[in-house]
Amino acid sequence: MNPQTKSTALSADLNNFIYGVSRRNYQNAPELTKIGLSLLKNFPAARDAVLEYFAMIFHEAVNISINQIDIEADSAANGPLEAVSMIGPELCALGESWAPFTAPWCIKLIMDIATDKANVQNSTLQNTEPIRILLDITTQILTLLNSEERAKCIDMMIDCRACSWAVGWVGRAEPALVAPRALALGPDAARAVLAHLANHPPALFHVRAALLELFHDAISDKSHADKKRDVIPYLLNLASKSDIVLKALTQDVEQTLTESVMERLCAVCAAHGAAWEGVRPDAVVTLLMRADCRCLLLLLRFARTHLYCRQLLEYLLQKLEYESLFPDKIPPLIMSAAEEIDIMREKLLDGNQLEQYSIARILILVSYNLPSEFVSTISYLLQYSRNDTTLALLVRIISGTLTMHTPNDSSDINLDTERYHNFITNGIEYAFRDAELSDTQIKQYFIDDNGKEQKTYLHYLCLNIIKLLRWENSSRISSLRGWRVGRVGGAVAGAAGRLGAALAARACLLRARAPHTAAELDQMPTCHALAEVLDRIDMSGTKAPPPSVEAIIKVIQATVKYFFRCLHEKNVMQKLLGVQTACRLLHKLCLHSKLARAVALRNLLETAMFTEGRTFGSPADPSAPPTQLLIHMNRRHGPITQLTQSHTSVFHAGIIGKGVRRTAPDDATPPILTTNNELLMGALMSCMDGNSGIVEGATSISLLLVELVSPDVMYNGLPWPDEDFTKQVSIERELYIRGALERCAVARAALRRAARARPALCLASALLRAIAATLLHRTRAHLDTQSAEMSRELAAMTELLSTMSLGQLLPHPLTHIHQLAPDLTAAEIVQVLRDCIWNYTRDNVPSPALFTCDASGLHWRDPATCKPLAIYTDTLRIIIQKRIAKLGHMYPLMFLNLEKEA
């Protein structure tokens, strides 16, 4: 295009633009906008006129957007909006050369629109499409200016009170310029600017930098006195009105308010505090309630040395407690404390007294508003409290939370109390779960050799619960007097199943012990602590709902394992204390439950007989494979295979499948084994209560012994058959029972214990019959009463007869046979056993029906009604008369009374 043609076209555009603008018709606004943009590019002299027209278009477009005119129905309304969308990209595309002209125009236009629409809400104005386009244009053009020009533009906007929202929006591109200039305004104006700037997260850094610069300059020694006097109240006033200022001031507040800064600040406050009418304690407390919990921690730190901080702290806590009574709103400081709950709890453990008690009051408010944090706080403090102070704070937190939730005039006090009682139960269960998890994850750091006391997390938890239970059962602690009786005990009883499982896992002797873990630590302290916790809680259901049957069975099984683990303790006092605890637990659990008693008795007997036999003097496990085969031992006696029924294969080698016949144990039983037997019998008796309970429990013991010792269920009845029957039919069975009883000291002790609770021994008649049958069978084969074999038979006979006499299965004078036995020959022993003992019990079946119960609940046989006939005593009488010189001292004791009565 030649210059003349271009000039003609430009003149035509200019005329059309002037004509169109003069008509004030906005229907052709898009065409005029295109002409105006062309004039800006080709005829710069028309810049002011074109920009003025564009301003008119923006004003009209804003009016249309605010009035919500139907754009589709009115074509005149569509024109300005379409023109506005065309202006934005074109103005930004003009480049840096036009930026010094277009930027002031955009800012002036924003100021004019904001002033003209001052009665319109800022949110409504900002949401209109023309304003968003104008703000985007301004933001982009400002980036094309240099720093000095941008500062001038920002200053233009800040001076206009009506467009503070625009300053905040445009300032997102240059927050470093906007923030310090906004702070130079008054509190209300600055709040308006910073409130819009807060919507841009990166601006927080620049706001904080400007605030810190202003603050440090105010408290520096070089500052003017007037500036020192005005800045601090201004910042506090601004923070009370602006969330972004409060957030900027409280962010990393520990790094801002160091010791040196606090000293200078106190000096400034001392000099100008009287003139600060706006810095009152109530205003500061109101500000702190909206702040971060780190401000509270900082206040606690300086409260130790500054009286004003201590007064401010107390005022703040009282204000928080009052505000928390209104459930419709939660103070921001409480929410911040809930978010930083881990920091608060750690400070509660290691802080000074003022910090601990203040944080405890905060945690009460957190627990009041957030029940989940109440549960986690209970769990945390139960695990990590290491002294009475922190444990007392836990009591205070629980009591304070319950007091706030259950006021005296509450209509649903029972429902609310039960609800928070369940929260306590959950907290204790979570504590046990987390403690066990922590113990499994414990590392080398805790398994050290520096001589320090090594305890598991579960051990510390149990110690804390024991202390709480002790406090609860006493009436000396005022914080616990308002609790419902057995609150902690009932909560712990709810976790009885978990406690039992933990005790069973740690009381087991055969357990994996991975290196560098808690399994390497001594588990007995933890076992003792777990057992004491179980011993202190009430599982009878009188104070709290009883545990489930599954939980009771778990506790029973764990207690039995703990009892046997205590028998292996080397420390005698620890051993006895542990056994006493186990016995108390068994007694408490079996007192109200026959199922618990049955499980306890069975577990005690089975474990003692088959697993812990060595602990009670029994030889090695008879079920263990033999070290040498019987056939190999037989071949040592000759080069050829022995004949059947030869003495080498039958009487010398032993029992097929069991190896060589074991030698009888030494009669001298170590004292420790006797003690263990007595402790086991005490544990069995602890499962019974009262005369009827003892008889019933002893009956269960007798039935269990028959079940565990007898190889089958045949011939387990009460009657004693003819002697020939045992020799022909059941001798192998009797020999097996005799061998099992000889190898098991526990079974023999249990028989004697059952004999004391008459008539329980009658139900073990099959075992007594087996011993008597084997005595008759073996004694016939011996002629020398001085041999070791005969000595063992005599000992077995003496034990059998004393047991039967104790159980009143033998009447007078048969009860004195065991005293004569050492002085009788083998033939005489056979005669006495057959004619006196066997025949009497055959004809007089040992049955519970023979026993009568007196008024005190004791079962016994009346000697006047159970006198033996002469047929059962003549053999014994004749033997004594023949050997009157040696046995005569027994004759008056056994027979004179019978003769007188006859």
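Residues numbered from 1 in each chain as written. Predicted model: local features only at pLDDT ≥ 70, side-chain atom pairs only at ≥ 80, totals over all residues. Heavy atoms only, no water.

## Observations concerning the overall build of the protein chain
Regarding its fold elements, the protein chain presents 45 helices and two strands. Looking at the protein chain residue by residue over its 902 residues, the buried ones come to 49%. Accessible surface computed for the protein chain: about 43800 Å², of which carbon and sulfur atoms make up 54%. (Helix = DSSP H or I, 4+ residues; strand = E, 2+ residues; numbered from the N terminus. Buried < 20%, exposed > 50% of the residue type's maximum accessible area, 1.4 Å probe, protein only. Areas by Shrake-Rupley, 256 points an atom, 1.4 Å probe, with all protein chains shown as cover.)

## Re the packing of aromatic side chains
Throughout the structure, instances matching the rule amount to 11 aromatic pairs. Between the aromatic rings of Tyr-384 and Tyr-457, the centroid separation amounts to 6.2 Å while the plane-to-plane angle is 70°, which identifies the pairing as edge-to-face. With Tyr-384 in helix H23 (residues 371–384) and Tyr-457 in helix H26 (residues 457–473), this pair connects stretches of sequence that are 73 residues apart. Classification of Tyr-457 by relative accessible area gives buried; the value is 17%. Pairing Phe-563 with Phe-564 gives two aromatic rings, centres 5.2 Å apart and planes at 80°, and the pair type is edge-to-face. Taken individually, Phe-563 and Phe-564 each receive the classification buried, so the pair is uniform in this respect. Among the aromatic residues, those joined into a ring-pair cluster are Tyr-380, Tyr-384 and Tyr-457. The side chain of Arg-386 reaches across the aromatic face of Tyr-460, ending 3.8 Å from its centre. (Phe/Tyr/Trp six-rings, centres within 6.5 Å; stacked < 30°, edge-to-face > 60°. Lys NZ or Arg CZ within 6 Å of the ring centre and 35° of its normal.)

## Here we look at the nonpolar core
The biggest cluster of nonpolar side chains holds 206 residues, and the ones touching the most others in it are Phe-563 and Leu-604. If one sorts the elements of this core by residue count, helix H30 (residues 549–566) sits on top with 10 residues. In contact with Phe-563, not counting residues within four places along its chain, are Val-579, Ala-582, Leu-604, Leu-679, Leu-680 and Ala-683. Membership of the second largest hydrophobic core comes to 57 residues, among which are Leu-32, Ala-61, Cys-106 and Met-111. (Core = buried A, V, L, I, M, F, W, Y, C linked by side-chain atoms within 4.5 Å. Contact = heavy atoms within 4.5 Å.)

## What to know about the packing of helix H32 (residues 594–611) against helix H35 (residues 671–686)
Where H32 contacts H35, the two axes come as close as 9 Å, and the packing angle between them is 160°. Between H32 and H35, the crossing angle belongs to the class labelled roughly antiparallel. Considering the relative orientation of H32 and H35, their crossing is left-handed. Where H32 approaches H35, its residues Leu-601, Leu-604, Leu-605 and Ala-608 are matched on the opposing element by Leu-680, Ala-683 and Leu-684. Each residue belonging to the contact of H32 with H35 can be placed in one class, and the counts come to seven nonpolar, no polar and no charged. (Axes fitted to C-alpha atoms, helices over the stretch in contact; angles between N-to-C directions. Parallel < 35°, antiparallel > 145°, perpendicular 65-115°, else oblique. Left-handed = near helix turned anticlockwise from the far one by under 90°. Nonpolar A, V, L, I, M, F, W, Y, C, P; charged D, E, K, R; others polar.)

## A word on unusual backbone geometry
With the exception of glycine, most residues fall at negative phi, and the peptide bonds are largely trans. The linkage connecting Arg-758 with the following residue, Pro-759, adopts the cis geometry, with an omega of 5°. Among the structural elements, Pro-759 can be located in the loop between helix H38 (745–756) and helix H39 (765–779). The amide bond that connects His-812 to the next residue, Pro-813, takes the cis arrangement and shows omega of 10°. Relative to the elements of secondary structure, Pro-813 occurs in the loop between helix H40 (788–806) and helix H41 (817–820).

## Considerations on the environment of Gln-831
Inspection of the secondary structure puts Gln-831 in helix H42 (residues 826–843). Expressed as a C-alpha distance, the spacing of Gln-831 and Ile-879, which sit 48 residues apart in the sequence, is 9.4 Å.

## Digging into the side chain of Thr-138
The topology assignment puts Thr-138 in helix H7 (residues 129–142). By relative accessible area, Thr-138 is classed as buried at 2%. The contact partners of Thr-138, leaving out residues within four places of it in the chain, are Cys-106, Ile-107, Ile-110 and Val-170.

## With respect to the pattern of salt bridges
Tallying each qualifying case throughout the model produces 34 salt bridges. Measuring nitrogen to oxygen at the nearest pair gives 3.8 Å for the salt bridge that ties Lys-554 to Glu-550. Taken together, the residues Lys-554 and Glu-550, both in helix H30 and four residues apart, mark about one turn of the helix. With a relative accessible area of 53%, Glu-550 lands in the exposed category. With a shortest N-O distance of 3.8 Å, Lys-594 and Glu-696 are connected by a salt bridge. On the criterion of sequence distance, the pair formed by Lys-594 in helix H32 and Glu-696 in helix H36 (residues 690–709) is long-range, its members being 102 residues apart. Taken together, the shared-partner salt bridges connect Arg-738, Glu-742, Arg-778 and Glu-793 into one network. (Salt bridge = Lys/Arg side-chain N within 4 Å of Asp/Glu carboxyl O.)

## A look at the side chain of Ser-438
With respect to the secondary-structure elements, Ser-438 resides in helix H25 (residues 413–440). Classification of Ser-438 by relative accessible area gives buried; the value is 17%. Excluding its chain neighbours within four sequence positions, the residues that come into contact with Ser-438 are Gln-383, Tyr-384 and Tyr-457.

## Quick notes on a nonpolar patch on the surface
Residues Val-713, Met-714, Tyr-715 and Val-729 make up a contiguous nonpolar surface patch of about 400 Å² in total accessible area. Inspection of the secondary structure puts Tyr-715 in the loop between H36 and helix H37 (723–743). On the accessibility criterion, Tyr-715 (35% relative accessible area) is partly exposed. (Patch = residues over 30% accessible without salt bridge, like charges linked within 9 Å, V, L, I, M, F, W, Y side chains within 5 Å.)

## Thoughts on H36
Here H36 contains 20 residues, and its C-alpha end-to-end distance of 28 Å stays within 8% of the 28 Å for a straight helix at 1.5 Å per residue. When we look at burial in H36, the residues that qualify are Gly-693, Val-695, Gly-697, Ala-698, Ile-701, Ser-702, Leu-704, Leu-705, Val-706, Leu-708 and Val-709. The elements touched by buried residues of H36 are H32, H35, H37, H38, H39 and strand E2 (859–860). (Expected span 1.5 Å × (residues − 1).)

## Re the packing of H39 against H42
Here H39 crosses H42 at 150°, and the two axes come no closer than 9 Å. Considering only the axes of H39 and H42, their crossing is left-handed. The segment H39 lies against H42, with Arg-769, Ala-772, Ala-773, Leu-775, Leu-776 and Thr-779 engaging Ala-826, Ile-829, Val-830, Leu-833, Arg-834 and Trp-838. Considered class by class, the residues forming the contact of H39 with H42 number nine nonpolar, one polar and two charged.

## What to know about the environment of Asp-159
Of note, Asp-159 is situated in the loop between helix H8 (147–158) and helix H9 (164–170). For the pair Asp-159 and Ala-182, spaced 23 residues apart in sequence, the C-alpha separation works out to 9.8 Å.

## Re the confidence of the model for the protein chain
Per-residue confidence for the protein chain averages 79 on the pLDDT scale, and 79% of its residues sit at or above 70. A low-confidence stretch, residues 69–73 stays under pLDDT 50, and its non-local contacts, those more than four residues away or across chains, total six contacts. (pLDDT = per-residue confidence, 0-100.)

## Topic: helix H31 (residues 572–590)
Given 3.6 residues per turn, any residue in an α-helix points the same way as the ones three and four places further on. A rise of 1.5 Å per residue sets the reference length of H31, with its 19 residues, at 27 Å; its end C-alpha atoms lie 27 Å apart and thus fit the reference within 8%. Of the surrounding elements, those touching the buried residues of H31 are helix H29 (524–536), H30, H32 and H35. The opening residue of H31, the one whose side-chain oxygen lies 3.0 Å from the backbone nitrogen of Met-573, is Asn-571. (Polar contact = N/O pair within 3.5 Å; in protein donor to acceptor, adjacent residues only side chain to side chain.)

## Considering the state of the cysteines
Under the defined criterion, the tally for this structure stands at zero disulfides. With no disulfide partner, Cys-462 has as its closest neighbouring cysteine sulfur the one in Cys-527, 9.6 Å distant. (Disulfide = S-S within 2.5 Å.)

## Notes on the environment of Glu-321
Within the element layout of this structure, Glu-321 appears in helix H19 (residues 307–323). According to the relative accessible area criterion, Glu-321 is partly exposed, its value standing at 27%. When the C-alpha atoms of Glu-321 and Ile-362 are compared, they prove to be 8.5 Å apart, with 41 residues separating the residues in sequence. Apart from residues no more than four positions distant in its own chain, Glu-321 is found in contact with Arg-361 and Leu-365. A distance of 3.0 Å separates the side chain of Glu-321 from the side chain of Arg-361, its partner in a polar contact.

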